[in-house]
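Letter by letter, the chains look like this.
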Amino acid sequence: KRNVKNVEGQVLHRSKRGWVWNQFFVIEEYTGPDPVLVGRLHSDVDLGDGNIKYILSGEGAGTIFVIDDKTGNIHATKTLDREEQAQYTLTAQAVARDTNKPLEPPSEFIVKVQDINDNPPEFLHGPYYARVPEMSNVGTSVMQVTATDADDPTYGNSARLVYSILQGQPYFSVEPQTGIIRTALPNMDREARQEYDVVIQAKDMGGHMGGLSGTTEVKITLTDVNDNPPKFPQSVYPMSVSEDKVPGEEVGRLKAKDPDLGDNGLVNYRLVDGDGMGMFELSTDSETREAVIKLKKPVDFETKRSYTLKVEGSNPHVDPQFLAWGPYKDEATIKISVEDADEPPVFVAPSYTFEVEENAPQGTLVGRVHAKDTDVANNPVRYMIPRYTDVEQFFSINSEDGMITTTRPLDREALAWHNISVSATEIGGHHQDTKVRVNIRVKDVNDNPPEFASNNEVLMCESVAPGKVIETVSAVDKDERTHRQHFTFSLAPEVAHNHNFSLKDNRDSTASVYVLRKGFSRLTQDVFYLPVEINDNGFPALSSTNTLTIRVCSCDSKDTILSCNVEPYVLPAGLSTGALIAILACIVILLVIVVLFVALRRQKKEPLIVFEEEDIRENIITYDDEGGGEEDTEAFDIATLQNPDGANGFLPRKDIKPELQYPIRPGDRPAANSVDVDDFIKTRIAEADSDPTAPPYDSIQIYGYEGRGSLAGSLSSLESVTTESDLDYDYLQSWGPRFKKLADLYGTKDCCVNDVDDGEDS
């Protein structure tokens, strides 16, 4: 018979198979030196000759569980943790060793990991926060805490937990089996202590020795209930108020204390008694929760000097559970003393309203205001109208009796109401004043004639039929219109019998304009003026004549207006006279702009400075032979340096543009001159120095002689043309025609320039 044995040697029987599989067990967290034997597989076809090979497959086969293929012994090679995996499903099979042919069909079996107490209880949601009302009865549930244990709850006591309280006695307790926290003391007062820190322990193994434990913290807060009545710190509160205070001003404050929170500590105040209940009022400050005493009516020191009030403070929200601890209210007395003050005058009325007719003459009486001094001294009062309330000074007031009069005629249509102020000041007092509002209504007088409500033109078709209403007119009047007043309309006498139009009064302040004939043509007459007389039937009655403008227009067959202009008939081309004039003006302006542009372009082409070669302001004289040195005076004509007109007399210097001179051509050598150059130069210098009338202009003096024995070098700029210089004057080529002369002289270094006679050193 085939069988399988576990480690206990138990034989498992099965009738229809060669072997029977059952559950194997292996203890977790095994730390021995050798692999732990899980069980042994054996088949009744195994004769012990080694021809049978056992094969193991499934979860952990070959890694965690290994099998001896000859004996069928199964060992666990690693430490197992039940909390990671509680069981493993494996498959065993017996095959022939030489052919690997299955001798038995494969079958599954389970290896269960046997639990040990290796996990302490844990509070997964800690720390905890709980709230319970103050003054709760003993045993009131606060909250429930629950710990978890990863050990197997079905095996032994490893996961059987027991709860206990480590911190928080004697205020709270915990049920050992459920973990429910309850109050343990009566009358716990939030006002005495609000928060409690409780530590709860959970221990496995049923709480016995050797069990593992875990703890958690529970913060319990006592919530407020209305268990305290309000209380005024004082029984009597003294206050004072000056008699010049106005109603609504604050007199004083008081507050009842209630240690409860929120609505439980809310206090409502009210006046319950006292002779000042009619003079003072009480309100509550929403932020500070104080009772505010305010003046309800003005107080008078001369009439009554003290008042008494009784104030009650009570809780609006009372807990029926604590009614026996009441009453939840308290009372206090307020004593208010009235202080004397110098009061301003008081008007006998809070405001005044007067009427005056418009156009009334200057000095017309409007009304009178009156104020009096309420103090014991009863000083006289002076009146005035503040300028800012009557900027245009329509009114004046008598400073002694308060009589208000007009200063000019008033116009209701400009301003129907005048709102001014009058101030009264006590003479001899502290110059305190009181102001009163005075409203003056200007009564209407019929002084404006009626006029058309609209001044729009009336458009009428040329083909209008006689008897047709072309317009309904109405009127307006700037004056105040009475209930029965109405406007009447009629044609002016000069057009009363015209043959074109008639007017009918509709007796409802409107009138209709009718056409009397046909055959209107806007080519003959395109505009008609119809004067209409309007009467307002007022008192006194006023009337005015208004002109109604009627324009004749061309219309289609449906009387739709097409055009009211006469120009399309006069100008068949389709352009009006104004449009043609505008076009011609634009053409003329364009022509003028073109002419100006061409003139400016021509003017720019003319040079501003004449750069002719004949310009003698810079002459280059070319010589073909060398001079004879300083003693040679025959090489040039000294007469060119002389002024024959001023040789023997005194002439002022004239700075004028020299006339054109032509350079001396080579070969035309000037005749010798016997004048000493040195004497000539000195003479000319003396003339220039002694000339007081010469203007301070620069003048060009040309001297061809430097004098005898001069050690100075040449001062001429002509020599720089052939001198090797570091300066580059090629940029002069790009400066235009005005600088062409300079560009030719200095622009290129290899340009041929003929020097002047070396004997002149110039």
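Residues numbered from 1 in each chain as written. Predicted model: local features only at pLDDT ≥ 70, side-chain atom pairs only at ≥ 80, totals over all residues. Heavy atoms only, no water.

Trainee: Teacher, can you tell me more about the overall build of the chain here?
Mentor: Check the secondary structure of the chain and you find 4 helices and 40 strands. Across the 762 residues in the chain, those meeting the buried criterion constitute 33%. Across the chain, every contact between residues at least 6 apart in sequence was considered, and the portion connecting residues at least 24 apart equals 67%. Just so you have it, the chain exposes about 46600 Å², and 52% of that area is on carbon and sulfur atoms. (Helix = DSSP H or I, 4+ residues; strand = E, 2+ residues; numbered from the N terminus. Buried < 20%, exposed > 50% of the residue type's maximum accessible area, 1.4 Å probe, protein only. Contact = heavy atoms within 4.5 Å. Areas by Shrake-Rupley, 256 points an atom, 1.4 Å probe, with all protein chains shown as cover.)

Trainee: How should I be thinking about the packing of aromatic side chains in this particular structure?
Mentor: Any pair of aromatic rings gets described here by the distance separating the centres and the angle formed by the planes. Tallied over the entire structure, the rule returns 14 aromatic pairs. With a centroid separation of 6.0 Å and 25° between ring planes, the pair formed by Tyr352 and Phe354 is classed as stacked. Like Phe354, Tyr352 is buried. By way of ring pairs, the aromatic residues Phe347, Tyr352, Phe354 and Tyr383 are connected into one cluster. The ring of Tyr307 has Lys304 sitting right over it, with the charged end atom 5.2 Å from the ring centre. Just above the ring of Phe520 sits the side chain of Arg517; from NZ or CZ to the centre is 3.9 Å. (Phe/Tyr/Trp six-rings, centres within 6.5 Å; stacked < 30°, edge-to-face > 60°. Lys NZ or Arg CZ within 6 Å of the ring centre and 35° of its normal.)

Trainee: Even after reading the chapter, I still don't get the UniProt feature "transmembrane region" (unreviewed entry) in the chain, so can you show me in this structure?
Mentor: Residues annotated in UniProt with the feature "transmembrane region" (unreviewed entry) correspond here to residues 579–600. With 100% helix and 0% strand, residues 579–600 has its two end C-alpha atoms placed 32 Å apart. (UniProt positions renumbered as here; feature names shortened; annotations may be inferred.)

Trainee: Explain the nonpolar core to me, please; I cannot follow it from the model alone.
Mentor: Soluble globular proteins tend to bury their nonpolar side chains together. By size, the foremost hydrophobic cluster in this structure holds 25 residues, and its most contacted members are Met460, Ile470, Phe489, Phe501, Leu530 and Ile550. Elements with a minimum of two residues in this core: strand E33 (458–461), strand E34 (469–476), strand E35 (488–491), strand E36 (501–505), strand E37 (510–515), strand E38 (527–535) and strand E39 (543–555). When residues in this core are grouped by element, the largest group, 4 residues, is from E38. The contacts of Ile550, once residues within four sequence positions are left out, are Val458, Met460, Ile470, Phe501, Asp526, Val527, Phe528 and Leu530. (Core = buried A, V, L, I, M, F, W, Y, C linked by side-chain atoms within 4.5 Å.)

Trainee: What is the right way to look at the pattern of salt bridges in this model?
Mentor: Pairs can form between side chains of opposite charge whenever their charged atoms are close. A complete count under the given rule lists 21 salt bridges for this structure. One salt bridge in this structure joins Arg253 and Glu250, with 3.0 Å as the shortest N-O distance. Under the relative-accessibility criterion, Arg253 is labelled partly exposed at 33%. The partly exposed category is assigned to Glu250, whose relative accessible area is 44%. The shortest N-O distance in the salt bridge between Asp275 and Lys304 comes to 3.5 Å. On the criterion of sequence distance, the pair formed by Asp275 in the loop between strand E18 (268–273) and strand E19 (280–284) and Lys304 in the loop between strand E20 (291–295) and strand E21 (306–314) is long-range, its members being 29 residues apart. (Salt bridge = Lys/Arg side-chain N within 4 Å of Asp/Glu carboxyl O.)

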